[in-house]
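Listed below, chain by chain, are the residues.
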Amino acid sequence: MKGMTIIVKTISSWVKVLIFLFGIYIILFGHLTPGGGFAGGVILASSYVLLMLAFGREFAEENLSLPVASKLDCVGALLFGAVALCGLLYGAAGFFWNFIHQEYLVGTDYEFNLVSAGTIPLSNIAIGLKVGASLFLVVLVLSMFRPDTSAEDSNEKE
Amino acid sequence: MSIPLPVFIAVPLVTAFLLPVFSSLGRKGKAVATVLANFVTVSLLVMAVASIGQFRVYEVGKWSIPLGINLVLDGLSSLLLLAISVVSAAAMLFSARYMEQYTAKAKYLCLFLLMVAGMNGVVLSGDIFNLFVFLEIASIASYALVGFGCEHEELEASFKYMVLGSIGSIFVLFAVALVYGNTGSLNMAYISKAIQGSGLNAGLSFAMALFVVGFGLKAALVPFHAWLPDAHPSAPAPISAMLSGILIKTLGIYALARVVFNVFGVSVSMGWLLVVLGLLSMVAGAFLAIGQEDFKRLLAYSSISQIGYVVLGLGLGGLIIARDGNVAWASLAILGGLFHLVNHAVYKSLLFLTSGSVQMSTGTRQLKQMGGLAEKLPFTRATCTVASASIVGIPPFSGFWSKLILVIAAVQAHFYWVAAIIVFVSLCTLIMYLKVQRYVFLGELPENLQQIKENKGSMLVAMVFLACLCGLMGLLLVPALRSNILQPAVDVLTDGISYSANVIKMSMKV
C-alpha cells in the first residue's frame, strides 16, 4: 500500500484543506497582520507536502503536476515583476511605486480594510504563488532523487 | 535619453521567468525563446552604451535614502555594465547554436538571464545588502549552469563550486551584518559617512577582513581559487565564457573595489594586501596553467593569473593613495587594472568560445588528442590567435596596452620588482598560449579528426565580434573615448570615500 496508514490519510485529507485555507488567509491579510506572501506561501506548500507524506508522491503529483507547479512558479515571479514595472510605467513615477490608492493608515476611511494598501496585497499574492509553488517543487524534486534502496526499505516496512 | 536604472535588472529578470513558458511549445517555442533571449541581451548592450558617462541615483519606490533602497550609476558601474552586456550578448549569440547539443534549452536561457540580472544588480546596487542579494542570484544561477550537462564530472564540479561559493556568500553576509551593527545603516553612502565620522573600530575591521575573504572567494584570488579550475571547464562553453569573462570580476573584483575604496577607504595595509594577493594569483595561476593538458582547464588557470593583474593594479593605486603619494600615479595604476579587467573580459570570453567551437567539432578537450586543426577550423583558428595575441600582449592588440600601463605605473611608483614580475608572468602567458597554438592548431591532424567540420552561423558571428573588439580595444586609450569610458571609472576609485558625499548630494537633487 502506498503512503501511510488509514488514520493518517483520513486526518490529513481533512487538515490539508484547513492548512491551505489558512495559507490563503495569511497571504491576503499580509498587509494588515503579521505574515504575508512568504509565510503564506510556505503554508500553502506545506499542505501539499502533507499530502505527499500521507499518500505518496504520485498522489500529490496527480493533484499538482510538476509542469503545472513550474508554470505557477513562473507566473508568480512574472506577476511580481509586473506590479513593479506598472509602478514604473504609471505616470513614469518609479520602480515599485505604489500606484493604487494608499489610504491604509490609521485615521482614514480605509483603516484596516482588506482592500487597501495599494499594490502591497498584489505583491503578496504574487510572492505567495511563487514561494508556494517553488517550495512544493523543491520537496517534489528532492523526493524523486532519493536512492532506490531506501525506497524499497520503506515499502517493505509497510 | 535617460533610461530608468531598474530596467537593467527588471528586463532580464522578467524575461527569464517568461521563457520556461515556451519550453512546452516544441521546436517553434525553443526558437522563439532563443530569439527573445538574444533580443534582451542585445538591447541591454544598447542601453549600457546609451548610459555611458552619466552619474545618477535612483530611489526605488520613491523612498528616499537611507530609508529606501537606491541604485547608483557612476563611472565604475557603467564600465562594468558595458563589459557585462558585451560578454553576455556574445555568449548568448554563441549559445543559440552551441546549446543545440543539450536538452532543456529554455531552462538554460532562463538561468543565463537570471545570472545577467544578478550581475547588473550587483553593479548598480547602492545598498550593501542588496549587493549581497544580487550576488546570490548570480551565484546560484551559475551553480546550476556549471552542472548543466548533468554528467558525473560536471555535477561534482558544480557541487564543489556551490559549497565554496556558499562559504564565500556567508562570509559576505556576516560582514554585512557586522557593518549594520556598527554603523546602523545598510546604504553604502551612509555607511561610509558613519565610518568617516567615527573611524574604524574592531568590528568594522573584522568585517573588512570577512569582505576580503568573501569577495576573494568569488574572484578566485589565489588562496581561495580551488573551485575555479573545476567549475569553469565543466560548464558549457558560453557559460565558461561568462564565468571567466565577467562573473568573477563583477562578484569579486568590482564588489571588493567598491567596498575597499568607496565605503571603508583604503589604508596602507589594505593596499599591500591587494598587491600581495594580486602577485600571488598572477604567479601561481601562470605556473599552474603551463602544466595543464586540458584546453579549458588551461584557460581557467590563466584566468586566475589574469585576475591577479587587475587586483595588482587596484592594489598599487590604493597603496599610493593611502601613502598620500602622487594621485596621477595612483590613477595610472588603477587605469591599468580596470583597463585590463575590460580587456580580459573580452579576450578570455573569446578564448572560451573558441575552445567551445573546437570541442563541438572534435568532441575532446585534451590538447594531446588534437592537432593540425588550422585547416579544418580556419575561423576558429584566426579568432583564437587574435585572442591569444591579446592575452599575451602583442602590440596592436588590447592586452598589450593594459599591461604596458601597469608596468609604467609600477615603475613610476618605484615598484621595480613588481614591474619585473609583471613582465615575467607575461612570458609565462606566452608559453601557455604557444602551447595551445602548437597542440590544437599546428602539427599533424590525427586520423579520427579527418572528417570534422567547423560550426558556422551564430557561433562564428559571436567569435568574430569579440575578435574585432580585441583588435580595437586599444582605441579606448584615445583621449576622447578614455575621458568618457575609462577615466570616470578610475575617478570613482581615486576619489575614494568622497563617493558618499557625491551620492548623498545627488539624491538630494532627485
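Residues numbered from 1 in each chain as written. Chains lettered and ligands numbered in written order. Predicted model: local features only at pLDDT ≥ 70, side-chain atom pairs only at ≥ 80, totals over all residues. Heavy atoms only, no water.

Facing the 13 residues of chain A at the interface are 14 residues of chain B. Of the roughly 1200 Å² buried between chain A and chain B, counting both surfaces, carbon and sulfur atoms make up 81%. Of all residues in chain A, Cys74, Leu78 and Phe95 of chain A bury the most surface against chain B, accounting for 41% of the area lost on that side. Inspection of the chain A/chain B interface yields 0 salt bridges. At the boundary of chain A and chain B, one finds 0 residue pairs in polar contact (both at pLDDT 80 or more). Sort the elements by how many residues they give to the side of chain A that touches chain B and helix H4 (residues 66–89) of chain A lands first, with 7 residues. Among the residues making up the side of chain A that touches chain B, the classes are represented as 9 nonpolar, 2 polar and 2 charged. (Contact = heavy atoms within 4.5 Å. Buried area = accessible area lost by both parts, 1.4 Å probe. Salt bridge = Lys/Arg side-chain N within 4 Å of Asp/Glu carboxyl O. Polar contact = N/O pair within 3.5 Å; in protein donor to acceptor, adjacent residues only side chain to side chain. Helix = DSSP H or I, 4+ residues; strand = E, 2+ residues; numbered from the N terminus. Nonpolar A, V, L, I, M, F, W, Y, C, P; charged D, E, K, R; others polar.)

This structure, assessed with the given rule, holds 11 salt bridges over all chains. Between Glu293 of chain B and Lys368 of chain B there is a salt bridge, with its nearest N and O atoms 3.4 Å apart. Taken together, the residues Glu293 of chain B in the loop between helix H11 (268–290) and helix H12 (295–322) and Lys368 of chain B in the loop between helix H13 (327–362) and helix H14 (378–392) connect sequence positions 75 residues apart. Its relative accessible area of 53% is what places Lys368 of chain B among the exposed residues. Here Arg365 of chain B ties to Asp294 of chain B by a salt bridge, and the two come within 3.0 Å at their closest N and O atoms. Note that Arg365 of chain B is positioned in the loop between H13 and H14 and Asp294 of chain B in the loop between H11 and H12, a separation of 71 residues in sequence. Taken as a pair, Arg365 of chain B and Asp294 of chain B share a single burial class, namely buried. By sharing partners, the salt bridges in this structure join Arg57, Glu58 and Glu61 of chain A into a single network. (Buried < 20%, exposed > 50% of the residue type's maximum accessible area, 1.4 Å probe, protein only.)

Note that Thr41 of chain B resides in helix H2 (residues 26–50). Looking at Thr41 of chain B, the relative accessible area reads 0%, which means it is buried.

Here we come to the confidence of the model for chain B. With 100% of its residues at a pLDDT of at least 70, chain B reaches an overall mean of 89. Mean pLDDT across the elements of chain B bottoms out in helix H20 (residues 498–509) of chain B (83) and peaks in helix H5 (residues 128–146) of chain B (93). (pLDDT = per-residue confidence, 0-100.)

Once that is clear, we can look at the environment of Ser78 of chain B. Residues and elements named next belong to chain B. Along the chain, the position of Ser78 falls in helix H3 (residues 75–98). Look at Ser78 and you get buried, because its relative accessible area is 6%. Linking Ser78 and Ala489, residues 411 residues apart in sequence, is a C-alpha distance of 7.9 Å. With near-sequence residues (within four places) excluded, Ser78 lies in contact with Ser51, Gly53 and Leu73.

With that settled, the discussion passes to the pairing of strand E1 (residues 56–59) of chain B. Residue and element names in this part refer to chain B. Here E1 shows a buried face lined by Arg56 and Tyr58 and a second buried face lined by Val57 and Glu59. Judged from the 4 bridges that link them, E1 and strand E2 (residues 70–73) form a sheet pairing that is antiparallel. Of the residues in E2, the one forming a bridge with Tyr58 is Leu71. (Pairing = 2+ DSSP bridges.)

The subject of this paragraph is a nonpolar patch on the surface. Residue and element names in this part refer to chain A. A cluster of nonpolar side chains, Met4, Ile6, Ile7, Val8, Ile11, Trp14, Val15 and Leu53, forms an exposed patch at the surface whose accessible area comes to about 800 Å². Examining the composition of the nonpolar patch, we find that 6 residues originate from one element, helix H1 (residues 6–28), more than from any other. With respect to the helices and strands, Val15 occurs in helix H1. Residue Val15 is classed as partly exposed on the basis of its relative accessible area of 31%. (Patch = residues over 30% accessible without salt bridge, like charges linked within 9 Å, V, L, I, M, F, W, Y side chains within 5 Å. Areas by Shrake-Rupley, 256 points an atom, 1.4 Å probe, with all protein chains shown as cover.)

Let us now look at the packing of helix H7 (residues 188–198) of chain B against H20 of chain B. Residues and elements named next belong to chain B. Between H7 and H20, whose axes approach to 8 Å, the crossing angle comes to 130°. Here H7 is positioned oblique relative to H20, judged by the angle of their axes. For the element pair H7 and H20, the recorded crossing hand is left-handed. Here Met188, Ala189, Tyr190, Ser192, Lys193 and Gln196 of H7 lie close against H20, whose contacting residues are Tyr499, Ser500, Val503 and Ile504. Here the residues of the contact of H7 with H20 are counted per class, giving 6 nonpolar, 3 polar and 1 charged. (Axes fitted to C-alpha atoms, helices over the stretch in contact; angles between N-to-C directions. Parallel < 35°, antiparallel > 145°, perpendicular 65-115°, else oblique. Left-handed = near helix turned anticlockwise from the far one by under 90°.)

Attention now goes to unusual backbone geometry. Residue and element names in this part refer to chain B. Residues other than glycine seldom take positive phi values, yet Ala220 does so here, at roughly 60°. When you line up the elements, Ala220 lands in the loop between helix H8 (202–219) and helix H9 (228–234). One non-glycine residue, Asp324, lies in positive phi territory at about 55°. One can find Asp324 in the loop between H12 and H13.

Attention now moves to the packing of helix H2 (residues 37–55) of chain A against helix H5 (residues 120–144) of chain A. All names here are of chain A. With their axes 7 Å apart at the nearest point, H2 and H5 run at an angle of 35° to one another. For the pair H2 and H5, the crossing hand works out as right-handed. For the pair H2 and H5, the contacting residues are Gly37, Phe38, Gly41, Val42, Leu44, Ala45, Tyr48, Val49 and Met52 in the first and Asn124, Ile127, Gly128, Val131, Gly132, Leu135, Phe136, Val139, Leu140 and Ser143 in the second.

Turning next to the packing of aromatic side chains. By convention here, two paired aromatic rings are described through the distance between centres and the angle between planes. Residue and element names in this part refer to chain B. A complete count under the given rule lists 19 aromatic pairs over all chains for this structure. Between Phe287 and Phe424, the aromatic rings sit 6.1 Å apart at their centres with planes inclined by 80°, giving edge-to-face as the arrangement. Linking Phe287 in helix H11 with Phe424 in helix H16 (residues 416–441), this pair joins segments that are 137 residues apart in sequence. The class for Phe287 is partly exposed, based on a relative accessible area of 47%. (Phe/Tyr/Trp six-rings, centres within 6.5 Å; stacked < 30°, edge-to-face > 60°.)

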